[in-house]
Structures are given as C-alpha cells and as structure tokens.
Amino acid sequence: HAAGALIAREAGGYVKMLNGEAYAPTLTDGSLLVAPDRDSWMALADLYEEEKDPTRRNLLMQARLKLLQDALKGEKPAPKPKRIKHKKFTR
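Here's what I pulled together on the structure shown here.

So, how was this worked out
Residues numbered from 1 in each chain as written. Predicted model: local features only at pLDDT ≥ 70, side-chain atom pairs only at ≥ 80, totals over all residues. Heavy atoms only, no water. Phe/Tyr/Trp six-rings, centres within 6.5 Å; stacked < 30°, edge-to-face > 60°. Helix = DSSP H or I, 4+ residues; strand = E, 2+ residues; numbered from the N terminus. Buried < 20%, exposed > 50% of the residue type's maximum accessible area, 1.4 Å probe, protein only. Pairing = 2+ DSSP bridges. Contact = heavy atoms within 4.5 Å. 1 Å grid on protein atoms, 1.4 Å probe; cavity = no way out; pocket = protein on both sides within 12 Å on 5 of 7 lines; lining within 4 Å. Points joined across faces, edges and corners; volume = space filled by probe spheres on them. Nonpolar A, V, L, I, M, F, W, Y, C, P; charged D, E, K, R; others polar.

## Some details on the packing of aromatic side chains
Part 1 of the argument: This structure, assessed with the given rule, holds one aromatic pair.
Part 2 of the argument: Ring centres 5.7 Å apart and planes at 65° place the aromatic pair Tyr14 and Trp41 in the edge-to-face group. Of this pair, Tyr14 sits in strand 1 (residues 14-17) while Trp41 sits in helix 2 (residues 38-50), placing them 27 residues apart in sequence.
Part 3 of the argument: For Tyr14, a relative accessible area of 22% translates into the label partly exposed.
Part 4 of the argument: Trp41 sits in the buried class, given a relative accessible area of 6%.

Rendered as structure tokens:
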C-alpha cells in the first residue's frame, strides 16, 4: 500500500484511511481509500459506508470509480448494453 499511496499523492490524488485518518505505512488495521481528489474521496467514502454487503459494495465502488476516471479523462460513459428480445419458439 505504501508505494501506491505515495504514487497517488505525488500525482495529486487524495489518500486517507476510510475512517478519515492520515495513512501511514505502519498501520495494520483499517481500509485505505484513494481517489483523484478530496470531493471524490468523500463521495466514495459515503458510498462505502452506505452499502453493508461487501461484495455489492466493492462492485459499486469499482463501477463508480470507473465513472470518475472516465470523467477525469473527459470521456463519456459507455452506453448501456441493449437488451436482446427473443422470439417465441413455436413448432
């Protein structure tokens, strides 16, 4: 975590523990959250706290992080996949 936190900080990212404490490489407990800026970090931290199911929480965070990354690059979100309508099979 230390190397990633350092790289993120050097690139202008916001690095804190999920409880809001400053990150230190000596910490052995808690969750580290890294975001492009403070506002994004706050939004992600709020989402993390709202969703209690760990699997769903991680999927939501990954999806929202992708949206943030795309927004920072100036890219539009990927279009939703189209539903395929299946024809009824008749004999």
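## Concerning the pairing of strand 2 (residues 32-35)
The side chains of a regular strand alternate, residue by residue, between the two faces of the sheet.
Part 1 of the argument: A one-sided burial pattern is seen for strand 2, the buried positions being Leu33 and Ala35 and the unburied ones Leu32 and Val34.
Part 2 of the argument: By the bridge criterion, four bridges tie strand 1 to strand 2 in an arrangement that is antiparallel. From the neighbouring strand, Val15 faces strand 2, where its bridge partner is Val34.

## Observations regarding the environment of Tyr14
Part 1 of the argument: In the structure, Tyr14 is positioned 28 residues away from Met42 in sequence and 9.8 Å away in space, judged by C-alpha atoms.
Part 2 of the argument: Non-local contacts of Tyr14, meaning those with residues more than four positions away in its chain, are made with Leu33, Val34, Ala35, Pro36, Asp37, Arg38 and Trp41.

## Side note on the layout of surface pockets
Part 1 of the argument: Of the pockets and cavities examined, the largest pocket occupies roughly 220 Å³.
Part 2 of the argument: Considering the residues around the largest pocket, the lining is formed by Leu18, Ser31, Leu32, Leu33, Val34, Leu44, Tyr48, Asn58, Met61, Gln62 and Leu65.
Part 3 of the argument: Those elements giving two or more residues to the lining of the largest pocket turn out to be strand 2, helix 2 and helix 3 (54-73).
Part 4 of the argument: Among the elements that take part in the lining of the largest pocket, helix 3 stands out by supplying four residues, more than any other.
Part 5 of the argument: Of the residues that constitute the lining of the largest pocket, the class distribution is eight nonpolar, three polar and no charged.

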